[in-house]
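Tertiary structure, described
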Amino acid sequence: MATTTSLKCEVHASRNGNRIQPTDETMASNQATKILMTDDYNQSNDGNFDICGWILIVCSYILVILTFPITIFICINVVQEYQRAVIFRLGRIIQGGAKGPGLFFILPCVDTIVKVDLRTTTFNVPPQEVLTRDSVTVSVDAVVYSRIVDPVTSVTKVNNVYSATQLLAQTTLRNMLGTKTLQDILSDREAIANLMEAQLDEGSSPWGIKVERVEITDVRLPQSMQRSMAAEAEASREARAKVIAAEGEQKASRQLKEAADVIAQSPIALQLRYLQTLTQIAAEKNSTIVFPIPVELLSLVNRGR
């Protein structure tokens, strides 16, 4: 029988940017836990079967020998390159842990084989209604990439490893976003995904699962909040447009003032500018132009008479 040994350890983590990296104490505690799990498995595997168990195993071998040509199709199993086989003999994992890939011989009636897929799997975290720190309700969903790294642990420690990981991802997402503001969620998706990946990996590692990547796919806001943000953005754009128009008018007034100063110093420049404007009007509009005659010129004409 396997003896149960309890290990109490403290896990400390140091934040480096957006990642949580385990310290030496964390690594030491994980190694100690793995050693205890290995010892338990070795004790379970190396333990002798009782008399009834040996009788069943011998009978199974005899059955295979007596029905040799037929049982070969039942006793031989093929495990693919991306799979591992966990074989139970009378309820105990046989020595050596997971097997594969290749051909394996199992005994009928006493052996049970469980095939575990080691490829990376993805699952969508259903949209979670979360109340942020600034009291805004948002709906957030994510995608989690994970794979099994310890087939024996994933079979013996949890009933359905994929369902457990998905439920853990949902609770982790809700707990994490509840401490963030709406602005943080909208602007720091990558940082939130990295932190969620570290927490999920820490929580699922006892099940033999490695979380490789987490992505925040969508953040949906309520309709009222969308209208409020749209009105705020529109008001901000209008304010910037008014500031730009005021700056343009200020610069134009300064240029007009400089032009007026130049014309005041040389009155003939006003007449030249006037003639230039008339030329442009005549070229574009092709209309009759009434050319004003200075009063001084009329007085000179009258004197000549």
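For the structure itself, look to the data block above.
In this text, all values refer to a predicted model and were calculated from it rather than measured experimentally.

1. Focus: the overall build of the protein
- A count of helical and extended segments in the protein gives 10 helices and 10 strands.
- Relative to its 305 residues, the protein shows a buried fraction of 25%.

2. Digging into the sheet that holds strand E7 (residues 111–117)
- Strand order in the open sheet formed by 3 strands is E5-E4-E7, and the pairing between neighbours is antiparallel. The sheet is open, and its two edges are formed by strand E5 (92–93) and E7, each paired on a single side.
- Pairing geometry for strand E4 (residues 83–89) and E5, over 2 bridges, is antiparallel. Looking at E5, one finds that Phe88 is bridged to Ile93.

3. Digging into the environment of Gly178
- Structurally, Gly178 can be placed in the loop between helix H5 (161–177) and helix H6 (182–187).
- A C-alpha to C-alpha distance of 4.7 Å links Gly178 and Thr132, two positions 46 residues apart in sequence.
- Excluding its chain neighbours within four sequence positions, the residues that come into contact with Gly178 are Val130, Leu131, Thr132 and Arg133.

4. Observations concerning the environment of Gly96
- Mapped onto the secondary structure, Gly96 falls in the loop between E5 and strand E6 (102–105).
- Separated by 10 residues in the primary sequence, Gly96 and Val86 have C-alpha atoms spaced 9.6 Å apart.

5. Comments concerning helix H2 (residues 51–66)
- In this model, H2 (16 residues) spans 23 Å end to end at C-alpha, consistent with the 22 Å of a helix rising 1.5 Å per residue.
- Those residues of H2 not exposed but buried are Gly53, Ile57, Ser60 and Val64. The arc enclosing the buried residues of H2, seen along the axis, measures out at 60 degrees, which places them on a common side. Opposite the packed face of H2, turned more than 90 degrees from it, sit the exposed residues Ile51, Ile65 and Leu66.
- Taken together, the buried residues of H2 touch helix H3 (68–75), E4 and E6.

6. With respect to the nonpolar core
- Within the largest apolar cluster, 34 residues are counted, with the highest numbers of intra-cluster contacts made by Val138 and Val144.
- Among the secondary structure elements, those contributing two or more residues to this core are E4, strand E8 (121–131), strand E9 (137–148), H5, H6, helix H7 (189–204) and strand E10 (209–220).
- In terms of residue count, H5 provides more of this core than any other element does, 6 residues in total.
- When residues of this core are assigned to domains, at least three fall in each of domain 1 (48–117) and domain 2 (120–221).

7. Describing the environment of Ser60
- Within the element layout of this structure, Ser60 appears in helix H2.
- Separated by 49 residues in sequence, Ser60 and Cys109 have C-alpha atoms that sit 7.0 Å apart.
- Residues in contact with Ser60, not counting those within four places in the same chain, are Leu107, Pro108 and Val110.

8. Notes on the pattern of salt bridges
- Here the structure, examined in full by the defined rule, presents 7 salt bridges.
- Put simply, Asp111 and Arg89 hold a salt bridge, and the shortest N to O gap is 2.8 Å. Pair noted here: Asp111 is in strand E7 and Arg89 is in strand E4, with a separation of 22 residues, a long-range link. Comparing Asp111 with Arg89 shows no difference in burial state: the two are buried.

9. A short note on the packing of H5 against H7
- Where H5 meets H7, the axes come as close as 10 Å, and the angle between the chain directions of the two elements is 135 degrees. What the angle tells us is that H5 and H7 run oblique. Viewed along their axes, H5 and H7 form a crossing whose handedness is right-handed. Between H5 and H7, the residues in contact are Leu168, Ala169, Thr172, Leu173, Met176 and Leu177 and Ile192, Leu195, Met196, Gln199, Leu200, Gly203 and Ser204, respectively.
- By residue class, the composition of the contact of H5 with H7 is 9 nonpolar, 4 polar and no charged.

10. Some details on the pairing of E9
- With 9 of its 12 residues buried, E9 lies for the most part within the structure.
- Counted between consecutive antiparallel strands, the loop separating E8 from E9 contains 5 residues, among which Ser135 sits at a positive phi close to 60 degrees.
- Pairing of E9 with E10, which is carried by 10 bridges, proceeds in the antiparallel orientation. Bridged to Ser146 within E10 is Val211.

Conventions we followed
- Residues numbered from 1 in each chain as written.
- Predicted model: local features only at pLDDT ≥ 70, side-chain atom pairs only at ≥ 80, totals over all residues.
- Heavy atoms only, no water.
- Helix = DSSP H or I, 4+ residues; strand = E, 2+ residues; numbered from the N terminus.
- Buried < 20%, exposed > 50% of the residue type's maximum accessible area, 1.4 Å probe, protein only.
- Pairing = 2+ DSSP bridges.
- Contact = heavy atoms within 4.5 Å.
- Expected span 1.5 Å × (residues − 1).
- Arc of directions from axis to C-beta.
- Core = buried A, V, L, I, M, F, W, Y, C linked by side-chain atoms within 4.5 Å.
- Domains from an automatic or database assignment.
- Salt bridge = Lys/Arg side-chain N within 4 Å of Asp/Glu carboxyl O.
- Axes fitted to C-alpha atoms, helices over the stretch in contact; angles between N-to-C directions.
- Parallel < 35°, antiparallel > 145°, perpendicular 65-115°, else oblique.
- Left-handed = near helix turned anticlockwise from the far one by under 90°.
- Nonpolar A, V, L, I, M, F, W, Y, C, P; charged D, E, K, R; others polar.

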